[in-house]
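Chains, contacts and geometry: an overview
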Amino acid sequence: LTRYPEGLISAFEKISSENREVDKSVEKSSSTILLRNLERTLRNERLMREVGNLIISDLAIEEISKTIARLLCVHLKVDRCLIHDYKEGKTSFVVEYCDSNTKRMFPGNSAEMDLEDLKRYLNFQDHFYEKFGNKSKKSSISIIENVLEDKNFTKIHDVCERYNIISQIAISTMIGGRLSG
């Protein structure tokens, strides 16, 4: 026990070696979690910087969208990413990126926009957002762990099965208070 001139008192306690081993494993676990969170944050920031640089680049919008779709697939570790617009109830722009083992929904030629499965899937997504999304925010994220078990997705189960869509992350954006994609 030590007394300081300011009146503060410190006490030192002998810690058994058993407690120190437990403390070391907790400390190591905490350090590992902290390191993983830091790495994830840095990856997220790097992705945001790459996307931001693409957006302000002079590349064509289709090239920007294709690159962003690829970056999102790699970053989120998913096998498909669709980026599309939605204006006045219609989709006029679609970009799909998927890995080599995934069946494409959209072959990449905008003249083939009449693909029924793609239309049904995109229209469903947009109507799903209009029904369940948070309209007070500029963007909304919905995560569906199993689309085949989710009753809200019954109308497109056949499409999900055909393209092996099991789960999904949908990010919807609002511009001027209207759904834009």
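Whatever comes next refers back to the structure up there.
What this report covers is the structure whose coordinates are included nearby.

Reading the values: rules and limits
Residues numbered from 1 in each chain as written. Predicted model: local features only at pLDDT ≥ 70, side-chain atom pairs only at ≥ 80, totals over all residues. Heavy atoms only, no water. Helix = DSSP H or I, 4+ residues; strand = E, 2+ residues; numbered from the N terminus. Buried < 20%, exposed > 50% of the residue type's maximum accessible area, 1.4 Å probe, protein only. Contact = heavy atoms within 4.5 Å. Areas by Shrake-Rupley, 256 points an atom, 1.4 Å probe, with all protein chains shown as cover. Patch = residues over 30% accessible without salt bridge, like charges linked within 9 Å, V, L, I, M, F, W, Y side chains within 5 Å. Salt bridge = Lys/Arg side-chain N within 4 Å of Asp/Glu carboxyl O. Expected span 1.5 Å × (residues − 1). Pairing = 2+ DSSP bridges. Core = buried A, V, L, I, M, F, W, Y, C linked by side-chain atoms within 4.5 Å.

**A look at the overall build of the chain**
Broken down by element type, the chain carries 4 helices and 7 strands. The buried share of the chain, taken over its 181 residues, is 29%. Summarising the internal contacts of the chain: among those between residues at least 6 apart in sequence, 46% fall at separations of at least 24. In the structure as shown, the chain presents an accessible area of about 13,200 Å², 53% of it carried by carbon and sulfur atoms.

**A few points about a nonpolar patch on the surface**
Together, Leu76, Val78, Ile141, Ile143, Ile169 and Ile171 line one region of the surface with nonpolar side chains, adding up to about 550 Å² of accessible area. If you list the elements that add at least two residues to the nonpolar patch, you get β5 (139-144) and β6 (168-175). One can find Ile141 in strand β5. With a relative accessible area of 57%, Ile141 lands in the exposed category.

**Brief notes about helix α2 (residues 61-76)**
A rise of 1.5 Å per residue sets the reference length of α2, with its 16 residues, at 22 Å; its end C-alpha atoms lie 22 Å apart and thus fit the reference within 8%. Of the positions making up α2, those classed as buried are Ile64, Ser65, Thr67, Ile68, Ala69, Leu71 and Cys73. Of the residues trailing α2, Lys77 is marked for its positive phi of about 60°.

**Description of the pairing of β6**
Of the two faces of β6, only one is covered, namely that formed by Gln168, Ala170, Ser172 and Met174; the face formed by Ile169, Ile171, Thr173 and Ile175 stays uncovered. Of the strand pairs in this sheet, β5 and β6 are connected by 6 bridges, and their pairing is antiparallel. Paired with Ser139 across the bridge in β6 is Thr173. In this structure, β6 lies alongside strand β7 (residues 178-179), joined through 2 bridges in antiparallel fashion. By the bridge assignment for β7, Met174 is matched with Leu179. In this structure, the hairpin formed by β6 and β7 is closed by a connection of 2 residues, where Gly176 is found at a positive phi of approximately 60°.

**Points about the nonpolar core**
Counting 17 residues, the largest nonpolar core has Leu82, Met105, Leu118, Tyr121, Phe153, Ile156 and Ile165 as its most contacted members. Residue assignment for this core shows that the elements contributing at least two residues are α3 (116-132) and α4 (157-162). Broken down by element, the residue count for this core peaks at 5 residues, all from α3. Each residue touching Ile165, except ones within four places of it in the same chain, is listed here: Arg80, Met105, Tyr121, Val147, Leu148 and Cys160.

**Brief notes about the pattern of salt bridges**
A side chain with one charge may pair with a side chain of the opposite charge, provided their charged atoms come close. Under the definition given, this model contains 5 salt bridges. The shortest N-O distance in the salt bridge between Asp158 and Arg120 comes to 2.9 Å. Taken as a pair, Asp158 in helix α4 and Arg120 in helix α3 lie far apart in primary sequence, 38 residues in all. Three or more residues are tied together by salt bridges with common partners; here these are Asp117, Arg120, Asp158 and Arg162.

Read these as layout, nothing more, since geometry by itself doesn't imply function.
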